Amino acid sequence: MTASVGRLASIAHGGELPYDVIIGHGLAGQVPGLVRGAGVVAVVRPEVLADVATPIVDALASAGHETRVITIPPGEAAKSLTAVAALWDAFAEAGVGRRDAVVAVGGGATTDVTGFAAATWLRGVRVVHVPTTLLAIVDAAIGGKTGINTVAGKNLVGAFHNPSGVVVDLTTLSTLPVDEWVNGMAEVVKAGFIADPTILDLVEADPDGARRPDGPHSRELIERSILVKTDVVSQDLREAGLREALNYGHTLGHAIELVEEFRLPHGHAVSIGLVYAAGLSRTTVGLSDDVVARHRTILDGLGLPTRFRPEAWDQLLAAMQRDKKVRAGRVRFVVLEGVGKPVVVDAPEASVLESVYAEVTR
């Protein structure tokens, strides 16, 4: 396919170096330009993405880079200290030095763990992300947050490490399973509720199309979601305030993932978390019934789950009390005063949290 290239956004914050988010089709040839000056380039990918990574490896080799391919486990299994240690060893064997670079090809788990390994190898080497799932494209690969999971919780160990660039090759989405696309749509819907109501309008206008990578509005949904995140991240790289809005629906969502031992996909957990956050928004800051109902209607229409097990509450509460947003033992939640109006509420009463959860179990 002939390459088509667009620079959707350039992200900069304070003294940090800016980086581009490049979007289009057939973009393997864009990767070498993002690692100029590197002798060794380590390309990290799951085994199942060998065919996707091969054009990138070939483009790097043609540009004169010594390219090494490193294989990691698929999915959340890659986000462990064991997997990071294996990456460090592989970087050492490949001879990755401070002037060299790493390229992550894969979904959100791949970009998270590779980004963390790059951030900590030699105290930080360059990394380029080539996300291959909707979830990674609109969320994980953008913003410089990296992390791994522990038995205590999701993404509790990590670092802020901006990539040198993000390459969004829409060609890879043509073979993405519908279930995986729908999984990523939870983050797209989140972006709509916290910042861009046009996203919600597009999904509601054509729910069936929104469920497919080849839907009529798919590219616009992707671009709008990326722009929501890049706008927030550019203003608050290290989550000092505004960036917390991106965690809407994630406090309960991350707890569900932990309780389910990461067997439930991230987008599914976030979908349930969004419904919970909407109910909490109504109780704490007066979000209208119409907007609360809109959450469930949109997510149900996409085929995402909006309910969870009633007997899980005690486990979920314990997990939320270990969330990254906890301050001095106080659980904090991102809620909505209205569409596009996120705020943070500090330490709602336990009885309030449990009563809202009852709505999620019905």
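This text gives an overview of the structure that appears in the document. Note that the structure is a prediction, hence the values are computed from the model and not measured.

1. Some details on the packing of helix α2 (residues 81-94) against helix α3 (residues 108-120)
Stage number 1. One way to put it is that α2 packs onto α3 with a least axis distance of 10 Å and a crossing angle of 55°. Relative to α3, the element α2 is oriented oblique. Seen from above, α2 lies across α3 with right-handed handedness. Residue-level contacts link Val84, Leu87, Trp88 and Phe91 of α2 to Val113, Thr114, Phe116, Ala117, Ala118 and Thr120 of α3.

2. Re the pairing of strand β3 (residues 40-46)
Stage number 1. In terms of burial, β3 is a largely internal element, 7 of the 7 residues being buried.
Stage number 2. What you see with β3 is no split at all: Val40, Ala42, Val44 and Pro46 on one side and Val41, Val43 and Arg45 on the other are buried throughout.
Stage number 3. Here β3 runs beside strand β4 (residues 66-72); their pairing, made up of 7 bridges, is parallel. Bridge pairing in β4 links Val41 to Thr67.
Stage number 4. Crossover handedness for the path β3 to helix α1 (residues 50-62) to β4: right-handed.
Stage number 5. Relative to strand β5 (residues 101-106), β3 runs parallel, the two sharing 4 bridges. Residue Ala42 lies in a different strand from β5, and its bridge partner there is Val102.

3. Some remarks on helix α12 (residues 313-320)
Stage number 1. Every buried residue of α12 is listed here: Trp313, Leu316, Leu317, Ala319 and Met320. The buried side chains of α12 occupy one side of the element, clustering within an arc of 160° when seen end-on.
Stage number 2. Buried positions along α12 lie against α9 (250-259), α10 (266-285), β10 (332-338) and α13 (350-361).

4. Comments concerning helix α11 (residues 289-302)
Stage number 1. Between the first and last C-alpha of α11 there are 20 Å, a value that for 14 residues agrees with the 20 Å anticipated at 1.5 Å per step.
Stage number 2. Taken residue by residue, α11 has Val291, Val292, Arg294, His295, Arg296, Ile298, Leu299 and Leu302 as its buried positions.
Stage number 3. Just downstream of α11, Gly303 is the residue with a positive phi angle, here 85°.

5. What to know about the environment of Val360
Stage number 1. Looking at the element boundaries, Val360 is found in helix α13.
Stage number 2. Separated by 26 residues in the primary sequence, Val360 and Val334 have C-alpha atoms spaced 17 Å apart.
Stage number 3. Leaving out residues up to four positions away in the same chain, Val360 has contacts with Ile272, Tyr276, Arg296, Thr306, Arg307 and Phe308.

6. A few points about the environment of His250
Stage number 1. Structurally, His250 can be placed in helix α9.
Stage number 2. Taking C-alpha positions, His250 is 13 Å from Phe193, a pair spaced 57 residues apart along the chain.
Stage number 3. Within polar-contact distance, the side chain of His250 engages the side chain of Glu187 at 2.8 Å.

7. Points about the packing of α9 against α12
Stage number 1. Look at α9 against α12: their axes get within 8 Å of each other, and the N-to-C directions meet at 115°. Once α9 is placed against α12, the crossing between them reads as right-handed. Along its contact with α9, which presents Thr251, Leu252, Ala255, Ile256, Leu258 and Val259, the element α12 presents Gln315, Leu316, Ala319 and Met320.
Stage number 2. For the contact of α9 with α12, the per-class residue count stands at 8 nonpolar, 2 polar and no charged.

8. Let's talk about the side chain of His65
Stage number 1. By the secondary structure assignment, His65 is in the loop between α1 and β4.
Stage number 2. With a relative accessible area of 11%, His65 lands in the buried category.
Stage number 3. Only 2.7 Å separates the side chain of His65 from the backbone oxygen of Ala38, close enough to count as a polar contact.
Stage number 4. Once residues lying within four places of it in the same chain are set aside, the contact partners of His65 are Pro32, Val35, Ala38, Gly39, Val41 and Leu60.

9. Remarks on the pattern of salt bridges
Stage number 1. Evaluated as defined, the whole model comprises 19 salt bridges.
Stage number 2. In this structure, the salt-bridge partner of Arg282 is Glu359, at a minimum N-O distance of 2.8 Å. Taken together, the residues span a long stretch of sequence, with Arg282 in helix α10 and Glu359 in helix α13 at a distance of 77 residues.
Stage number 3. Residue classification places Arg282 among the partly exposed positions, given a relative accessible area of 29%.
Stage number 4. Classification of Glu359 by relative accessible area gives partly exposed; the value is 23%.
Stage number 5. Ionic contacts of the salt-bridge type, sharing partners, join the residues Glu76, Lys154 and Glu257 into one network.

What counts, and where the lines are drawn
Residues numbered from 1 in each chain as written. Predicted model: local features only at pLDDT ≥ 70, side-chain atom pairs only at ≥ 80, totals over all residues. Heavy atoms only, no water. Axes fitted to C-alpha atoms, helices over the stretch in contact; angles between N-to-C directions. Helix = DSSP H or I, 4+ residues; strand = E, 2+ residues; numbered from the N terminus. Parallel < 35°, antiparallel > 145°, perpendicular 65-115°, else oblique. Left-handed = near helix turned anticlockwise from the far one by under 90°. Contact = heavy atoms within 4.5 Å. Buried < 20%, exposed > 50% of the residue type's maximum accessible area, 1.4 Å probe, protein only. Pairing = 2+ DSSP bridges. Right-handed = clockwise from strand over helix to strand, strands pointing away. Arc of directions from axis to C-beta. Expected span 1.5 Å × (residues − 1). Polar contact = N/O pair within 3.5 Å; in protein donor to acceptor, adjacent residues only side chain to side chain. Nonpolar A, V, L, I, M, F, W, Y, C, P; charged D, E, K, R; others polar. Salt bridge = Lys/Arg side-chain N within 4 Å of Asp/Glu carboxyl O.

Read these as geometric descriptors, not functional statements.
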